[in-house]
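These are the residues of each chain, in order.
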Amino acid sequence: KAAAGLSTQTVRHVRTILRIALNQALKWGLVARNAAALAVAPKLVRKQFRSLTPEQARQLLDAAKGDRFEAIFTVALSLGLRLGEIIGLRWQDVDLNAGTLTVNQTIYRVRGKGVIAAAPKTERSRRTLHLPDSVVSALRSHRARQLQERLAAGRDWKDTGLVFTSRVGTPVDQRNLFRAFKALLAKAGLPDVRFHDLRRSAASLLLAQGVPMRAVMELLGHSSISTTADIYSHVMPAMMREVADKMDAILGGRSA
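These numbers come from a predicted model, not from an experiment.

A. Structural detail: the overall build of the protein. A count of helical and extended segments in the protein gives 11 helices and five strands. Taking all 256 residues of the protein together, 39% fall into the buried category. Restricting the contact set of the protein to residue pairs at least 6 apart, pairs at least 24 apart contribute 59%. Carbon together with sulfur atoms contributes 55% to the accessible area of the protein, which is approximately 15400 Å² in total.

B. Here's a closer look at helix α9 (residues 213-220). When we look at burial in α9, the residues that qualify are Met213, Val216, Met217, Leu219 and Leu220. One face of α9 carries all of its buried residues, which in axial projection span an arc of 160°. Looking one or two residues past α9, Gly221 carries a phi angle of roughly 80°, positive in sign.

C. How the structure looks around the pairing of strand β3 (residues 106-110). Pairing of β3 with strand β4 (residues 114-118) involves five bridges; the strand directions are antiparallel. Counted as the bridge partner of Val110 is Gly114 from β4. Taking the residues between adjacent antiparallel strands as the criterion, β3 and β4 are bridged by three residues, where Gly112 takes a positive phi near 90°.

D. Expanded view of the packing of aromatic side chains. One pass over the structure, following the stated rule, counts five aromatic pairs. Plain terms: the ring middles of Phe178 and Phe195 are 6.2 Å apart, the flat faces sit at 45° to each other, and that makes the pair tilted. Taken together, the positions of Phe178 in helix α7 (residues 174-188) and Phe195 in the loop between α7 and α8 (197-208) put the pair 17 residues apart, joining distant regions of the chain. For Phe195, a relative accessible area of 7% translates into the label buried. Lying over the aromatic face of Trp91, Arg143 brings its terminal NZ or CZ to 5.5 Å of the ring centre.

E. Structural context of the nonpolar core. In terms of nonpolar packing, the biggest core is built from 46 residues, with Leu60, Ile72, Phe73, Leu139, Phe164, Phe195 and Leu198 touching the most fellow members. Among the secondary structure elements, those contributing two or more residues to this core are α3 (54-64), α4 (70-79), α5 (83-87), α6 (133-153), α7 and α8. For this core, the leading source of residues is α4, giving seven residues. With near-sequence residues (within four places) excluded, Phe195 lies in contact with Ile72, Phe73, Ala76, Leu83, Ile86, Leu177, Phe178 and Phe181. By size, the runner-up hydrophobic cluster in this structure holds seven residues, among which are Leu207, Leu220, Ile231 and Tyr232.

F. Representation of the confidence of the model for the protein within the structure. Considering every residue of the protein, the mean pLDDT works out to 85; 86% of them sit at 70 or more. Element-level pLDDT for the protein is lowest in helix α11 (residues 236-251), with a mean of 63, against a maximum mean of 97 in strand β1 (residues 94-95).

G. The sheet that holds β1, seen in detail. Within the open sheet, the three strands sit side by side as β1-β2-β5. Their pairing is antiparallel. With one partner strand each, in any of the chains shown, β1 and β5 (128-130) form the two edges of the open sheet. Looking at chain direction, β1 and strand β2 (residues 100-102) are connected through two bridges and run antiparallel. From the neighbouring strand, Asp95 faces β2, where its bridge partner is Thr100.

H. Region of the structure containing the side chain of Thr74. For Thr74, the position within the fold is in helix α4. Non-local contacts of Thr74, meaning those with residues more than four positions away in its chain, are made with Leu61, Leu79, Ser134, Val135 and Ala138.

Reading guide: rules and limits
- Residues numbered from 1 in each chain as written.
- Predicted model: local features only at pLDDT ≥ 70, side-chain atom pairs only at ≥ 80, totals over all residues.
- Heavy atoms only, no water.
- Helix = DSSP H or I, 4+ residues; strand = E, 2+ residues; numbered from the N terminus.
- Buried < 20%, exposed > 50% of the residue type's maximum accessible area, 1.4 Å probe, protein only.
- Contact = heavy atoms within 4.5 Å.
- Areas by Shrake-Rupley, 256 points an atom, 1.4 Å probe, with all protein chains shown as cover.
- Arc of directions from axis to C-beta.
- Pairing = 2+ DSSP bridges.
- Phe/Tyr/Trp six-rings, centres within 6.5 Å; stacked < 30°, edge-to-face > 60°.
- Lys NZ or Arg CZ within 6 Å of the ring centre and 35° of its normal.
- Core = buried A, V, L, I, M, F, W, Y, C linked by side-chain atoms within 4.5 Å.
- pLDDT = per-residue confidence, 0-100.

The following block contains the structure:
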């Protein structure tokens, strides 16, 4: 039975650590059996998410034009970056001339400790991505806007080197970003989705267009292709229908 107040994922993680530790203790003769191995791990139920359709994605970006967070929404929907990766992005990690972006750090908030910068979630999360022209254009406009804000802030500006900041250079406050996102959804007449669903939408849209699973895995920074396939299994039926149609096109002309 899961401990009160702990998520299923946390309980599963604790069980894994205990199983490894008790296995070693078993080898050393310190315990008679591995109780953690006998315990049944709680079933992990993935949260449902809503993916934007291509038309809805275009509606969102059209509504975001001129918005202070336009570039954030464009990056999230086009590249599928995690929120912490977006907030932690630095200008030194972006080469607009070459059209590339490298994920080198993530930023998150810890209650009582404030903003924390850390290495990416996994080794595969540290990745270099090629930017669509629309993202390059959005980032160029964003940089010009940020320079204007820097001039307006004067001595109050905090030089963090971050791409996305408050009006005084500090990391973007997630609550402000989420409020702006909800307002944008309402303006565009779109369903009430979570900000994280933009990452999911990016992957779903690419997979639906026939982009190989391996390429989507690299884009998202997943540790394995099985993770990508597991999360986006809902897209597979349509992909397999397309595979069948293509095979029909190849072999359909054969005589009986």
